[in-house]
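Each chain is listed here by its residues.
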Amino acid sequence: QKGAIYNNQVYAPGQVPNKIELPVGNYQLRIYNAACQSENPYEGKGQAVYFNDEVFFEVKAGEVTTLEEIKVPMINFGVTLKLPEGFDMLFKEYTFTVISGERTVEWKNGEGIEPAYFPYDTDVTFSYRLEAINTDGEKFSQEGTCAEVVAGTVYTVTYEMETQLLS
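Remember, it's a predicted structure, so these values are computed and weren't measured experimentally.

## Here we look at the packing of aromatic side chains
- A complete count under the given rule lists 13 aromatic pairs for this structure.
- Ring geometry for F87 against Y94: centres 5.8 Å apart, planes inclined by 80°, an arrangement best described as edge-to-face. Neither F87 nor Y94 differs from the other in exposure class; each is buried.
- Ring geometry for F140 versus Y159: centroids 5.5 Å apart, planes at 65°, classification edge-to-face. On the criterion of sequence distance, the pair formed by F140 in strand β8 (residues 139-146) and Y159 in strand β9 (residues 154-160) is long-range, its members being 19 residues apart.
- Among the residues examined, Y159 registers a relative accessible area of 3% and is labelled buried.
- Three or more aromatic residues link up through ring pairs in this structure, and these residues are F77, F118, F126, Y128 and Y155.

Cut-offs applied
Residues numbered from 1 in each chain as written. Predicted model: local features only at pLDDT ≥ 70, side-chain atom pairs only at ≥ 80, totals over all residues. Heavy atoms only, no water. Phe/Tyr/Trp six-rings, centres within 6.5 Å; stacked < 30°, edge-to-face > 60°. Buried < 20%, exposed > 50% of the residue type's maximum accessible area, 1.4 Å probe, protein only. Helix = DSSP H or I, 4+ residues; strand = E, 2+ residues; numbered from the N terminus.

In short, the description is geometric, and any link to function would need to be established separately.
Rendered as structure tokens:
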């Protein structure tokens with residue numbers, strides 16, 4: 001029956017049964033993680049979003065239909081910051097800000113630097129800024145932009161003390 005949902009089950013990774021019985025017909029398989037059903041997968045730092053709805057198959061009477069390994073890609077992208085060892089001994093305070101489209105995420109010292117996730121679209125970019133205050137009270141600021149963003153990637157912005165540059 002066109003548009004009907006069959007076996008709308010939730011399976012943990014690696015826990016999909018070897019066999020699922022379905023009526024004869026043509027099917028489209030949609031595979032996604034819980035972030036896809038979240039009201040806002042970009043609340044706070046956000047979540048990685050995995051989704052694939054490009055698997056089509058037919059179930060015929062008296063036959064077994066086998067689906068090979070199916071890849072479910074991350075369809076958004078993430079950004080995180082890597083600070084060098086000893087950074088917190090030289091800088092008493094920092095703020096790292098990432099902006100992509102309408103979304104802005106900010107990390108402050110002590111919050112941890114887990115990735116933040118952003119929606120992906122063709123030609124999406126992100127900009128980032130690291131502002132810090134050293135132990136002498138001097139302010140430091142540096143920024144950059146990433147113009148060639150690829151879905152499914154977690155970008156790590158790295159601060160190098162030797163060169164005093166973000167990359």
